Amino acid sequence: MSCGSKLHEWELRSSLEELAGLADTAHAEVIEQVIQFRDRKDRAWLVGKGKAEEIAQLVEDLEADLVIFDQELIPSQIKHLEELIDAKVIDRTQLILDIFAGRAQTKEGRLQVELAQLQYMLPRLVGKRKELSRLGGGIGTRGPGEKKLETDRRHIRRQIDILKHDLEEVRKHRQLHQARRKKQAVTQVSLVGYTNAGKSTLLNQLTESKVLAEDKLFATLDPTSRKLDLSSGQEVLLTDTVGFIRNLPHQLVASFRSTLEQVTEADLLLHVVDASHPESSEQMKVVEEVLEELGAAHIPTLIVFNKVDQMTDRSIREESEELEGNRIMISAFNQSDLERLKAKVEEILYQNDFKGTVSFSVEKGDWISALYRHAEILHSETEDLEISFQYRLPRNKLNSLPRDLQERLQLSNK
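Residues numbered from 1 in each chain as written. Predicted model: local features only at pLDDT ≥ 70, side-chain atom pairs only at ≥ 80, totals over all residues. Heavy atoms only, no water.

**Here we look at the pairing of strand 6 (residues 224-229)**
Two strands pair when backbone bridges link them, and strand 6 and strand 7 (residues 235-240) are joined in this way by six bridges, in the antiparallel orientation. The residue of strand 7 that forms the bridge with S225 is T239. Linking strand 6 back to strand 7 in an antiparallel pair, the connection comprises five residues, with G233 at a positive phi of about 100°. (Pairing = 2+ DSSP bridges. Helix = DSSP H or I, 4+ residues; strand = E, 2+ residues; numbered from the N terminus.)

Rendered as structure tokens:
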């Protein structure tokens, strides 16, 4: 069910189509869709009483047991709609929360989802009374569970405080790992993009992993990191993050902020775009807005147009094999495309590398071992007691070297 006024009709239908995809991900069968155009939302019913009565009749005729609204419902609207409609009534936010509840696997992910659900439910406890009186579970009931919903607001707030404390402890633990990676100068690349753009598939193909990858919205939720070997022998850490979506519930953005902020630590972002999707440009804007909100807009970004094998216009692929700037068109299942992508990643990551030739005494054993450990040695030559190195050093690894060696390399950098 969608209600709109200022949005164009194609935007409404697109949003409703996405809502149907979300419903499918939650294992709900969509049997009817309704759109209403209004100058403004009805404060009591969202869609107006007449349209609400029409929906109630549809529910009765079709024997539906769930009505999903594409826009967020306030408590009074839930109350009025549930009094009229003989079915469970939820909105887009609750549907997404339910999907996240079913997909979260890690301790942090489960804590984040439960926190988001409780924050969403707290102001809606009154509106949920009729729903709680119904038997059975289903969409919108996973996560904290009905028993928690029947408690008073004080208990809910106490639970929220406990979850925030637990999440803070998990965040501190993750920051220790992050600090260790920085100390070891690990190059980090993060996959970002709209949900179902093919990020998990790309991670699997690049790193020969077996991360869950389905043709569904939010197939994966918890961040996954794998080692990626580049053509030069350099290693980077490739991380798959949760997909973004338009109107992502603010409760989820707030709860998952600590996880999402991992992208701010990346040396490079791979913005994966479903090139075959008719609204790929709009989806790109959504991702860019979230990255801006997270403070990650300044990070170097390679836009990866994926799924070109599914594009109906084959000429576009032929004309755009290699786009100008930090853009590339690929299919995650084409090996030559993956090699081009890895080469592009390497080019961007190391275009500002320290490169040059440096010579010093063979007695500088600590310098020699540090150089071999952190730099790519292109050529070496020993003459008498002097050793000469032609090297390439990633800029982010410079601080891992002894201070006096850093100064020597900065002088030799070409």
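**Topic: the sheet that holds strand 5 (residues 188-193)**
Paired through their backbone hydrogen bonds, the strands of a sheet run either parallel or antiparallel. Reading across the sheet, the six strands line up as 6-7-5-8-9-10 and stay open at both edges, with mixed pairing between neighbours. Pairing within the sheet leaves two strands with one partner each, and these edge strands are strand 6 and strand 10 (327-329). Here the strands of the sheet are splayed against their neighbours by 25° on average, with no regard to which way each runs. Where strand 8 (residues 268-274) lies against strand 9 (residues 301-306), six bridges are found, and the strand directions are parallel. When the bridges of strand 9 are listed, V272 appears paired with V304. Here helix 12 (residues 280-294) sits on the sheet in contact with strand 5, strand 8 and strand 9, set at roughly 150° to strand 8. (Axes fitted to C-alpha atoms, helices over the stretch in contact; angles between N-to-C directions. Contact = heavy atoms within 4.5 Å.)

**Observations concerning a negative patch on the surface**
Taken together, the side chains of E381, E383, D384 and E386 define an acidic patch exposed on the protein surface. Looking at the element boundaries, E386 is found in strand 13 (residues 386-393). (Patch = residues over 30% accessible without salt bridge, like charges linked within 9 Å, V, L, I, M, F, W, Y side chains within 5 Å. Areas by Shrake-Rupley, 256 points an atom, 1.4 Å probe, with all protein chains shown as cover. Salt bridge = Lys/Arg side-chain N within 4 Å of Asp/Glu carboxyl O. Lys, Arg positive; Asp, Glu negative; His and termini not counted. Charge placed at Lys NZ, Arg CZ, Asp CG, Glu CD.)

**Examining the packing of aromatic side chains**
For the structure on display, the rule yields three aromatic pairs. Ring geometry for F360 versus W367: centroids 5.3 Å apart, planes at 85°, classification edge-to-face. Judged by relative accessible area, which is 3%, F360 ranks as buried. Among the residues examined, W367 registers a relative accessible area of 5% and is labelled buried. Aromatic pair F360 and F389: ring centres 5.7 Å apart, planes at 35°, arrangement tilted. On the criterion of sequence distance, the pair formed by F360 in strand 11 (residues 354-361) and F389 in strand 13 is long-range, its members being 29 residues apart. With respect to class, F360 is no different from F389; both count as buried. One aromatic cluster is present, formed by F360, W367, Y372 and F389 through successive ring pairs. Sitting over the face of the ring of W367, K364 holds its NZ or CZ atom 4.5 Å from the ring centroid. (Phe/Tyr/Trp six-rings, centres within 6.5 Å; stacked < 30°, edge-to-face > 60°. Buried < 20%, exposed > 50% of the residue type's maximum accessible area, 1.4 Å probe, protein only. Lys NZ or Arg CZ within 6 Å of the ring centre and 35° of its normal.)

**Some details on the nonpolar core**
The biggest cluster of nonpolar side chains holds 39 residues, and the ones touching the most others in it are L22, L95, L252, V263, L269 and L291. Put simply, the parts of the chain that give this core at least two residues each are helix 1 (9-25), helix 4 (92-103), helix 5 (107-121), helix 10 (250-255) and helix 12. (Core = buried A, V, L, I, M, F, W, Y, C linked by side-chain atoms within 4.5 Å.)

**Overview of the sheet that holds strand 12 (residues 376-383)**
One open sheet holds the three strands; their spatial order is 11-13-12, and the pairing between them is antiparallel. Pairing within the sheet leaves two strands with one partner each, and these edge strands are strand 11 and strand 12. Pairs of neighbouring strands in the sheet enclose a mean axial angle of 15°, with direction left out of account. Note that strand 12 and strand 13 share seven bridges and pair antiparallel. Looking at strand 13, one finds that E381 is bridged to S388.

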